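# Summary of structural features
These are the residues of each chain, in order.
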Amino acid sequence: MRHRDRRRGRDERGTAERRQPGADDQRSHRRERRGTLTCARCSTWNRSRFPRPGTTFSPTFRSRSPVAPGAPAEQRAGAAAPAVAAVDVPAEHRPQAFRSDPRTRARRVPALAADALYRASRLEKALDTPAHIYFKYEGTSPSGSHKINTALAQAYYYGQSGVKEMVTGTGAGQWGSALAMACHPYGMECTVFMVRSSYRQKPYRGTLMRLNGAKVFTSPSEETEVGRAALRADPDSPGSLGIANAEAIEYANDRKEARFSIGSGENHVLMHQTVIGEEALLQMELAGEFPDVVIGAMGAGSNFAGITFPFYRAAQTENPATRFLAVEPDACPKMTRGSYLMDHTDYSGVTPAVKMYTLGHTFMAYHIHAGGLRYHGAAPIVSAMYHHDLVEAISYGQNRVFESGAAFAKAEGLVPAPESAHAVAAAIDEAVKAREERKKRVILFGLSGHGLLDLSAYESYLSGETVDVVPTDEEIQKSLRPLLEPT
């Protein structure tokens, strides 16, 4: 386990520095919405007041090829509603959001309308801890994860702009599954490039995409020059999300009515996912508690941002000492061992460079089971927060992650996805610390998806076949070297 706390001097900074004007108004607005939990998922997307990187690091979508439609581009650049805290979800889109989220069929009962927030009381008992452990569960969506939150939004906006085909890259397949489901009701085709190692580990993700009408290619593939070049360099390449995205960009660019779509890292995606934290804020109010620590698994950042950003805003008045913890795999430690540099978001380097914590866009992460966390960089906003000591980061090896996931499944009866099990591991550690210190601690973590399509990974762990892999300093420096050398 590796831990890197960039919040040096947090206690010395005190409350005043964390407090912002208008916080009382934000708190009053949230109280007015108490009892109407549907408003977060069905009426607004949060634009939480978190630090943003400088404009020199935030190119518009016009510099990206192929071009994305206007609304997501404006949301990404902050132009959609720069002076307000939320962006309205289009009214004509809400019925589809209701239909695609079975939990909202109970929307007439406010406490049941949102994704469930659970108290992990049996896990608390198993750990013999005074901590209160809560988790926000996104695994009951049709796609099995939080990814549907932005997939539906993007499909709506792309469809409104006349796009006929959405093309994307996916790691573990949760994003690809969600986008395939979202495209169909809006009459669009969907093409997905799925990282080869993840496709082999969880082939039923590909099946789920194809059932929803998507074309699925394993990446690297023979469909694009990027893929063919990767295969020439290594015929047995396990692939990476950077390569998959680069293939998707090239593929979309060759088709007039196709556009590339991305499921994490970009500002508009992070904003769409804040429905998770907005709901959890209201639900924690109903529970009568506010977290001392908020935890999320960290791939490119959509899950972590979704659960933490609204609490970051609320913590300024509720509990300025609240900590925010991003959890990543030892095999892909972009925050705990990466560098804060300008880098590309795709393997081929055709996307604009952004400032982020990165291992280098050519970094090839080991093919661990948590395929959704194998991305080389962290979202620019999350990176900026980390750089300014506002969030912490920690990493775990595979065996520790599956040990925690198995303990959680035994105690709570829910099998977490390998990605989500990283957050479980950190939550357990926090609960054990509370036991050792004999102090109550309120812990909230995001359980971003179920692991029912990852049972082969759990079988590997139970059989003693899971191997912990950690990149060497030399491997990381080799990938970063081109970014450090003067051009």
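Relevant structure appears above.
Because the structure is predicted, anything quoted here is derived from the model rather than measured.

### Considering the packing of helix H18 (residues 398-412) against helix H20 (residues 455-462)
Direction vectors running N to C along H18 and H20 enclose 105 degrees, while the axes themselves pass 10 Å from each other. Comparing the axis directions of H18 and H20 gives the class roughly perpendicular. Here H18 contributes Asn399, Phe402, Glu403, Gly405 and Ala406 to the contact with H20, which in turn contributes Ala457, Tyr458 and Tyr461. A per-class count over the contact of H18 with H20 returns five nonpolar, two polar and one charged.

### Overview of the pairing of strand S5 (residues 132-137)
In terms of burial, S5 is largely enclosed, as six of its six residues are buried. On S5, burial covers both faces: His132, Tyr134 and Lys136 on one face and Ile133, Phe135 and Tyr137 on the other are all buried. Sheet topology places strand S4 (residues 117-119) next to S5; three bridges connect them, and they run antiparallel. Bridge pairing in S5 links tyrosine 118 to phenylalanine 135. Of the strand pairs in this sheet, S5 and strand S15 (residues 442-447) are connected by six bridges, and their pairing is parallel. The residue of S15 that forms the bridge with isoleucine 133 is isoleucine 443.

### A few points about the environment of alanine 287
Relative to the helices and strands, alanine 287 is located in helix H15 (residues 275-287). Look at alanine 287 and you get partly exposed, because its relative accessible area is 39%. A sequence separation of 153 residues divides alanine 287 from tyrosine 134, and the C-alpha atoms of the two residues are 10.0 Å apart.

### With respect to the sheet that holds strand S7 (residues 189-195)
Across the sheet, which stays open at both edges, the four strands sit in the order S8-S7-S6-S9 with parallel pairing between neighbours. The sheet is open, and its two edges are formed by strand S8 (215-219) and strand S9 (258-260), each paired on a single side. Ignoring which end each strand starts from, the neighbouring axes of this sheet average 20 degrees apart. For strand S6 (residues 165-170) and S9, the ladder comprises three bridges, and the chain directions are parallel. Bridge pairing links methionine 166 to arginine 259 in S9. The sheet contacts of helix H13 (residues 241-253) involve S6, S7, S8 and S9, and relative to S6 the element is tilted by about 165 degrees.

### Things to note about the pattern of salt bridges
A side chain with one charge can pair with a side chain of the opposite charge if their charged atoms come near. Applying the stated criterion to the full structure yields 15 salt bridges. In this structure, the salt-bridge partner of arginine 323 is glutamate 430, at a minimum N-O distance of 3.0 Å. Taken together, the positions of arginine 323 in strand S11 (residues 323-329) and glutamate 430 in helix H19 (residues 418-437) put the pair 107 residues apart, joining distant regions of the chain. With respect to class, arginine 323 is no different from glutamate 430; both count as buried.

### Brief notes about the packing of aromatic side chains
Aromatic ring pairs are defined here through the distance separating the ring centres and the angle between the ring planes. For the coordinates displayed, the defined rule picks out 16 aromatic pairs. Between phenylalanine 193 and tyrosine 251, the aromatic rings sit 5.5 Å apart at their centres with planes inclined by 70 degrees, giving edge-to-face as the arrangement. Residue phenylalanine 193 is located in strand S7, and its partner tyrosine 251 is located in helix H13; the two are separated by 58 residues in the primary sequence. You can call tyrosine 251 buried: its relative accessible area is 4%. Grouping aromatic residues by their ring pairs yields a cluster made of Tyr118, Phe135, Tyr137, Phe408 and Phe445. Sitting above the plane of the tyrosine 340 ring, lysine 355 keeps its charged end 4.5 Å from the centroid.

Reading the values: the criteria
- Residues numbered from 1 in each chain as written.
- Predicted model: local features only at pLDDT ≥ 70, side-chain atom pairs only at ≥ 80, totals over all residues.
- Heavy atoms only, no water.
- Axes fitted to C-alpha atoms, helices over the stretch in contact; angles between N-to-C directions.
- Helix = DSSP H or I, 4+ residues; strand = E, 2+ residues; numbered from the N terminus.
- Parallel < 35°, antiparallel > 145°, perpendicular 65-115°, else oblique.
- Contact = heavy atoms within 4.5 Å.
- Nonpolar A, V, L, I, M, F, W, Y, C, P; charged D, E, K, R; others polar.
- Buried < 20%, exposed > 50% of the residue type's maximum accessible area, 1.4 Å probe, protein only.
- Pairing = 2+ DSSP bridges.
- Salt bridge = Lys/Arg side-chain N within 4 Å of Asp/Glu carboxyl O.
- Phe/Tyr/Trp six-rings, centres within 6.5 Å; stacked < 30°, edge-to-face > 60°.
- Lys NZ or Arg CZ within 6 Å of the ring centre and 35° of its normal.

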